[in-house]
Amino acid sequence: MSLPDSLATLRPNQPATVHSVDWEALGAQDSRRLREFGLDEGVTVELLHRASLGGDPLACRIGRMTVALRRRVATTIRVTLPA
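Residues numbered from 1 in each chain as written. Predicted model: local features only at pLDDT ≥ 70, side-chain atom pairs only at ≥ 80, totals over all residues. Heavy atoms only, no water.

1. Considerations on the nonpolar core
(1) Moving on: Of all hydrophobic cores here, the largest spans 23 residues; its most connected members are Leu7, Leu34, Leu39, Val45, Leu69 and Ile77.
(2) Moving on: Elements that contribute at least two residues to this core include exactly β1 (16–21), β2 (44–50), β3 (58–62), β4 (65–69), α2 (71–74) and β5 (77–80).
(3) Moving on: Leave out the neighbours within four places in its chain, and Ile77 touches Ser6, Leu7, Val18, Ser20, Val21, Leu34, Leu39 and Leu69. (Core = buried A, V, L, I, M, F, W, Y, C linked by side-chain atoms within 4.5 Å. Buried < 20%, exposed > 50% of the residue type's maximum accessible area, 1.4 Å probe, protein only. Helix = DSSP H or I, 4+ residues; strand = E, 2+ residues; numbered from the N terminus. Contact = heavy atoms within 4.5 Å.)

2. Here we look at the environment of Asp22
(1) Moving on: On the secondary structure map, Asp22 appears in the loop between β1 and α1 (28–36).
(2) Moving on: Residues Asp22 and Thr76 lie 54 residues apart in sequence; the distance between their C-alpha atoms is 5.2 Å.

3. Observations regarding the pattern of salt bridges
(1) Moving on: A complete count under the given rule lists 4 salt bridges for this structure.
(2) Moving on: One salt bridge in this structure joins Arg72 and Asp30, with 2.9 Å as the shortest N-O distance. In this pair, Arg72 sits in helix α2 while Asp30 sits in helix α1, placing the two residues 42 residues apart along the sequence.
(3) Moving on: Among the residues examined, Arg72 registers a relative accessible area of 53% and is labelled exposed.
(4) Moving on: Residue class for Asp30 comes out buried when judged on its relative accessible area of 17%.
(5) Moving on: In this structure, the salt-bridge partner of Arg32 is Glu36, at a minimum N-O distance of 3.5 Å. (Salt bridge = Lys/Arg side-chain N within 4 Å of Asp/Glu carboxyl O.)

4. A look at the environment of Phe37
(1) Moving on: Along the chain, Phe37 turns up in the loop between α1 and β2.
(2) Moving on: Sequence separation of Phe37 and Val73 is 36 residues, and the distance between their C-alpha atoms is 13 Å.
(3) Moving on: Excluding anything up to four places from it in sequence, Phe37 contacts Ile62, Met65 and Val67.

Written as structure tokens, this is what we have:
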């Protein structure tokens, strides 16, 4: 398995698994929101698409839920690709 920089760098529609989250780099609100979405190590995520102007926010699938994440939040999520 390879380790991309972050969820923000994935190609669209490429499933990956959360390797780690830099919780300390996130504020309390963002951390709580991600945990409420069920985001944690081992969860399947997928970048669906980026906004056309500036690429922010990003539409992502976390498990079976589709959510919008700011690029700064997505960069704190490290993922691994399937072999």
